[in-house]
Structures are given as C-alpha cells and as structure tokens.
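A closer look at the structure
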Amino acid sequence: MSISINSRIKSIEISGIRQFSNQLIDFPEAINLTIGQPDFPTPEAVKLAAIEAIRNDQTSYTHNAGLLELRAEIASFFQDKYGLNYDHKTEVIVTNGASEGLDSLFRAILEEGDEVILPAPAYPGYQPIIELCGGKVIYLDTSDTGFQPDPQRLEGLITDRTKAVLMNFPSNPTGITMESEQLEKVAAVLEKHELFIVTDEIYSENSYGEKHSTFARFESLRNRTFLVHGLSKSHSMTGWRIGFVLGPEMYMKHVLKVHQYNAICAAVPSQFAALEAMKNQRYLPAEMNKEYLQRRDFVYGRLTGMGIDVILPNGAFYIFPSIEKFGISSFEFATRLLKEGGVAAVPGSAFTIYGEGFVRISYAYSMAVLEEGMDRLEKFIDTLN
Ligand SMILES: Cc1ncc(COP(=O)(O)O)c(C=O)c1O
C-alpha cells in the first residue's frame, strides 16, 4: 500500500485570507485592514475568572458538553436576548470555538454526496469543513441582490440531495444583516423542504441597525435548526476558543458524540471565562458597538466620498466595497493596493467567486489607523482613475 494523504484534504487550499495576509510580512509599514477580530482586550473580569479557575485547580475535564452552569447561562442568554428556548442539559454544547462546533455538527449530519446551500460571498471556513465530510457546497449568489439571499433563487437550488442550508448573518465578509421580514421570506421557503438549517450568528451581538433577528426563532423550523455561536467576536475572545452549538435534542446527542471524540470538552479555564462573560457581561458588546459604529460611519463616509459603490453594513465589523469599476481583479487590486498604496485589504475572491469585484475592509482598528488607511486608499485610487 502506498502512503498518501487523504485526497479530500489534498484538494483543499489554505484560506485566501491567509494567502493574502502572508504577503504582509514583506510590507511591515503597510496599514493592515485585514484582520477579523476585535481590537479590544478581553474584559478584565473575564480574564480574572480564568485566572481564578486555574488557581483553584479547575483544570480537569468537564462534562463533554461543557460545565452545566455555563450551559445554563448560555441558554439563559439566548432566552433573555432572543426569546429562544433551549434545554441546557440536552440542547447546548460548548465547543472549541464556533469552528469546532461547525465541524462537529457537519460531521454529525452529512453523508457522502449531500449538498449544503450557502449564500455567497461567504466566510472561507465553511467549504473545507463540508468537503472533508464528503459534502458538496452549492453557492447561492447574493452579489447582485444586495448580499441578501433571494428566496426564489434559494428554492431553485434545493434538490433531493440538499441536506442543509447554512446562513451567516450578520455576514462575514459583507457585514450585511437580514431584517425580520427578509428572514420570514427565506423561512417560508425552508418550511416547504425537509432539510437542516444551520445558522452561524457569531456576529449577532455586533449589530448596529435594528435589533438582531435570529434565524433560530421560527417554531416551524425549530426541530431542524442549529444555532452556531461563540464568544470570539462578541467578547473579544478569539484566542480563548469558546463556541456553542444549540439545537434539537434528538440531533444534538449525535453532535455530542463527534465533539466527545474529537475534543472531549472545551478548554476548561476558557469555560470559566465564558461563564463570567455569559453571566455578567451580556451587555458588554453594546459598549464596543458604540466604537464600531463610529468607525463604520467614518469608513463608509470616506469610501462614498471617493466615489466608491458600497452598501452600508449593519453588522460585524466589515465593509465590502465594489472595486469593479477599476477594471482589475480583486486580487490584483488588493496586491497593488498593498505594494503601491501601503494598505492591506482582503480581495473579495477569498470569499468565493461571488466576491470577485469587491474587497473586504475590516474596521476593527483604531480611528487613527483607519484614517491613515483611508488617506492612503484615496491616494492609491487616484492613481487608478
Ligand atoms: C462567520 C464566522 N464564523 C465562524 C468563525 C470562527 O469563529 P471561532 O473563533 O469561534 O472559531 C469566524 C471567524 O472569523 C467567522 O467569521
């Protein structure tokens, strides 16, 4: 028998974001607007909760699904904020970030050849996970519908091979949120078809317009909807690796088996930190949002002032302007912007072909960095015009 790497992993490339940000090393003076994580420190009380847990020797395995008190606080958080009802004993699993939650979930539900419909431009973390399970991603183009999933177009993609529809609003990379009415139209389509709904709402707490509307609220879909979430974005905790999956008991017991064998449990000091975040820091993201909102308005104002087409995003901390009018690919635009303009932004093509013609700018940076970045971008664009 010849030794060889699994063919599915061989065909998977490193993420377009990483491919691009790897180039940054050669441009140490560049203003970096590529990063998808909050620039605020983790809240002090959250850090102290982890330190105290370590001091008290709370460092051994927990229940596979996570500390019971933490799961109770997670269920209470979603009840309190969004009126959702989950039984913390059987319907909540604490994972090592939303990433592991998505992986455990898809491994539990997908079989070879199953299709998963995904609105695109999309976060590049989904496709590899789905393909490693033998699934196939079917993209729902939103690039010409204001980055909102069009219900008719969605329905047209559903076949008897469709196992799940995966939604991500507020969206990475577009920052677009789905308003209640639009959610209802999409839900009406999903009600007609036997399939799972996976809703990654990791940016729900970073919403700037109407209060976030969750896809998990439809009673008619409740017994086949999974809500994926976590603390990376809401509480500036990317490195702590805490995510959650919430869903119906009859399926969650199978997701738990995958999680049990690939992780045993989420890192325990991080679970204690998460307990503090969920119990006592529920409204902290609102404080950070004041800052994000100011930054978003600044960047949006500068981009429109430069004559760039851009939709005002109402969530996450990304803005996704069109660069189509410059007549070059998003990769070339981003590469030249880096080399000639001294600003790093992610080419839209890193978010599937439906992101071609756009670049993603993160505004999780200080105003001083954003000001310099926008000044440089403006100068660079002048050279293209
Ligand atoms: C849409 C989306 N989902 C999931 C993740 C991964 O989150 P975590 O840090 O919880 O694994 C990210 C990270 O950027 C993301 O943007």
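Nothing here was measured: the structure is a model prediction, and the numbers come from that model.

Turning our eyes to something else, we now look at the sheet that holds strand β11 (residues 346-347). Taking strand neighbours across the sheet as the criterion, the 3 strands line up as β9-β12-β11 in an open arrangement whose pairing is antiparallel. Taken across any chain shown, the strands that pair with only one partner, and hence form the sheet edges, are β9 (318-319) and β11. Sheet analysis places β11 next to strand β12 (residues 359-362), joined by 2 bridges and oriented antiparallel. Note on β12: the bridge partner recorded for P347 is V359.

What the domain assignment reports for the chain is domain 1 (7-36 + 284-384) and domain 2 (44-280). Put simply, the middle of domain 1 and the middle of domain 2, counted by C-alpha atoms, are 25 Å apart. Contacts between domain 1 and domain 2 engage 29 residues on the former and 33 residues on the latter. Buried surface at the junction of domain 1 and domain 2, summed over both partners, amounts to about 2,700 Å²; 64% is from carbon and sulfur atoms. Three residues stand out in domain 1 for area buried against domain 2, namely R8, N314 and Y354, and they jointly supply 25% of the buried area on that side. Where domain 1 packs against domain 2, one counts 1 salt bridge. Close ionic contact of E112 with R8 constitutes a salt bridge, the shortest N to O distance being 2.4 Å. Where domain 1 packs against domain 2, one counts 13 residue pairs in polar contact (both at pLDDT 80 or more).

Cut-off values and rules
- Residues numbered from 1 in each chain as written.
- Predicted model: local features only at pLDDT ≥ 70, side-chain atom pairs only at ≥ 80, totals over all residues.
- Heavy atoms only, no water.
- Pairing = 2+ DSSP bridges.
- Helix = DSSP H or I, 4+ residues; strand = E, 2+ residues; numbered from the N terminus.
- Domains from an automatic or database assignment.
- Contact = heavy atoms within 4.5 Å.
- Buried area = accessible area lost by both parts, 1.4 Å probe.
- Salt bridge = Lys/Arg side-chain N within 4 Å of Asp/Glu carboxyl O.
- Polar contact = N/O pair within 3.5 Å; in protein donor to acceptor, adjacent residues only side chain to side chain.

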